[in-house]
Amino acid sequence: MDYDEILFSKEGSIGWLTLNNPQKINTLSKKMIGEIIHALTAVSGDESIKVVIIRAAGKHFCAGHDLSEMTGQGVKEYKFIFDQCTNMMQMIHTIPQPVIAQVQGVATAAGCQLVAWCDLAIAEEGARFATPGVRIGLFCTTPMVAITRAIGRKAAMEMLLTGRFFSASEAREMGLVNRVVPLEDLSKETENLALQIAEASRFVLAIGKKGFYDQIDQTDDHAMQYASHAMTMNLMAEDAQNGITAFIKKEKPIWKNR
């Protein structure tokens, strides 16, 4: 499919999804959100892709929703925008591939939500993050869900209530991003992380990603019971048996993705 506001390409086992409307700071318009959903749906069924990187064209990552779509409309229209965006964000967790955000410039409001919702994130040193909705009368309630889960209550409340920009180093300290690197190293550092992850079986990566989100909000007891069952069933997989045998024999495993 030809897209208007995103680009998608595949290099080896990595899928590159690029937000591609830099003239509007890559705002998440209804059209862009729909295109991302379409791309992620296709990625989900592509067994050749092990990792997805979400990046952006231009100087900035994403300025959040397109506010021009949020004036003069009714409840039905506004609900469609947020329901569609929620569907897109949840897909980042439900597709089997790990998703990495590659962040330059600003990531604000739903753009910050997008970073928080990705499984991993790498930012350049000049990147800045904010949920400034409180300053324009539209509290960042949907971004709040992802951000609270990524960085915890106190830090999330400060971000949400002040609307101020947080530096890349602050974002790393809070746990919003994994690494901060010079701008010139951003693309290569993100790709290297993706390639490191892609060394594993796609089947096992999918088991691990699903397991992570399934157990994260359970009690310790329930989480451990869930994890014990998951590992038992994982051992029945051909890739697990092949991988363990290869390790014992000091050989490189050959993944069958099953």
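1. Some thoughts on the overall build of the chain
Part 1: Each helix and strand counted, the chain has ten helices and nine strands in total.
Part 2: On C-alpha atoms alone, the chain measures out to a radius of gyration of 19 Å, which is about the 18 Å that the 2.2 N^0.38 rule sets for 258 residues.
Part 3: Each principal axis of the C-alpha atoms in the chain carries an extent, and together these give about 65 × 45 × 40 Å.
Part 4: When contacts within the chain are restricted to residue pairs at least 6 apart in sequence, those whose partners lie at least 24 apart make up 69%.
Part 5: Between the centroid of the 26 positive side chains of the chain and the centroid of its 29 negative side chains there is a distance of 2 Å.

2. Notes on the sheet that holds strand β6 (residues 120–124)
Part 1: What the six strands build is an open sheet, ordered β1-β2-β3-β4-β6-β9; its pairing is mixed. Of all the strands in the sheet, the pair left with one neighbour each is β1 (6–11) and β9 (179–181). On average, each strand axis in the sheet is tilted by 20° relative to the strand beside it, whichever way the strands run.
Part 2: Relative to strand β4 (residues 99–103), strand β3 (residues 51–56) runs parallel, the two sharing three bridges. Across the sheet, residue I53 finds its bridge partner in β4, namely I100.

3. Digging into the pattern of salt bridges
Part 1: A full pass over the atoms with the stated rule returns ten salt bridges.
Part 2: Note that E158 is salt-bridged to R164, the shortest N-O span being 3.2 Å.
Part 3: In this structure, the salt-bridge partner of D214 is K210, at a minimum N-O distance of 2.6 Å. One end of the pair is D214 and the other is K210, both in helix α8 (residues 202–215) and four residues apart, which spans about a single turn.
Part 4: The exposure class assigned to D214 is partly exposed, which follows from its relative accessible area of 30%.
Part 5: For K210, a relative accessible area of 52% puts it in the exposed group.

4. Describing the layout of surface pockets
Part 1: There is about 570 Å³ of room inside the largest pocket.
Part 2: Together, 24 residues line the largest pocket, and H93, C118, D119, F212 and Y213 are the ones closest to its centre.
Part 3: Those elements that provide at least two residues to the lining of the largest pocket are α3 (110–117), β6, α4 (141–151) and α8.
Part 4: Per-element accounting of the lining of the largest pocket gives the leading share, five residues, to α8.
Part 5: Split into classes, the residues belonging to the lining of the largest pocket amount to 16 nonpolar, four polar and four charged.
Part 6: Empty space within the second largest pocket amounts to approximately 280 Å³.

5. Examining the nonpolar core
Part 1: One finds L19, I54, F61 and F129 to be the most contacted residues of the largest nonpolar core, which totals 54 residues.
Part 2: Counting residues per element, this core draws most heavily on helix α1 (residues 30–44), at seven residues.
Part 3: Counting residues in hydrophobic clusters, the runner-up holds 13 residues, among them I14, V51, I100 and L186.

6. Concerning a nonpolar patch on the surface
Part 1: Side chains of V134, F139, M157 and L161 sit close together on the surface and give an oily, nonpolar patch of about 330 Å² of accessible area.
Part 2: Note that M157 resides in helix α5 (residues 153–162).

7. Observations concerning the packing of α3 against α4
Part 1: At a closest axis distance of 8 Å, the pairing of α3 and α4 adopts a crossing angle of 35°. The handedness of the crossing between α3 and α4 is left-handed. Mapping the contact onto sequence places A110, C112, Q113, A116 and W117 in α3 and T142, P143, V145, A146, I147 and A150 in α4.
Part 2: Tallied by class, the residues present in the contact of α3 with α4 amount to nine nonpolar, two polar and no charged.

8. Here we look at the sheet that holds strand β8 (residues 166–167)
Part 1: Reading across the sheet, the three strands line up as β5-β7-β8 and stay open at both edges, with mixed pairing between neighbours. Pairing within the sheet leaves two strands with one partner each, and these edge strands are β5 (106–108) and β8.
Part 2: Relative to strand β7 (residues 128–130), β5 runs parallel, the two being bridged by three bridges. Bridge pairing links V106 to R128 in β7.

Parameters and conventions
- Residues numbered from 1 in each chain as written.
- Predicted model: local features only at pLDDT ≥ 70, side-chain atom pairs only at ≥ 80, totals over all residues.
- Heavy atoms only, no water.
- Helix = DSSP H or I, 4+ residues; strand = E, 2+ residues; numbered from the N terminus.
- Rg over C-alpha atoms; globule rule 2.2 N^0.38 Å.
- Contact = heavy atoms within 4.5 Å.
- Lys, Arg positive; Asp, Glu negative; His and termini not counted.
- Charge placed at Lys NZ, Arg CZ, Asp CG, Glu CD.
- Pairing = 2+ DSSP bridges.
- Axes fitted to C-alpha atoms, helices over the stretch in contact; angles between N-to-C directions.
- Salt bridge = Lys/Arg side-chain N within 4 Å of Asp/Glu carboxyl O.
- Buried < 20%, exposed > 50% of the residue type's maximum accessible area, 1.4 Å probe, protein only.
- 1 Å grid on protein atoms, 1.4 Å probe; cavity = no way out; pocket = protein on both sides within 12 Å on 5 of 7 lines; lining within 4 Å.
- Points joined across faces, edges and corners; volume = space filled by probe spheres on them.
- Nonpolar A, V, L, I, M, F, W, Y, C, P; charged D, E, K, R; others polar.
- Core = buried A, V, L, I, M, F, W, Y, C linked by side-chain atoms within 4.5 Å.
- Patch = residues over 30% accessible without salt bridge, like charges linked within 9 Å, V, L, I, M, F, W, Y side chains within 5 Å.
- Areas by Shrake-Rupley, 256 points an atom, 1.4 Å probe, with all protein chains shown as cover.
- Left-handed = near helix turned anticlockwise from the far one by under 90°.

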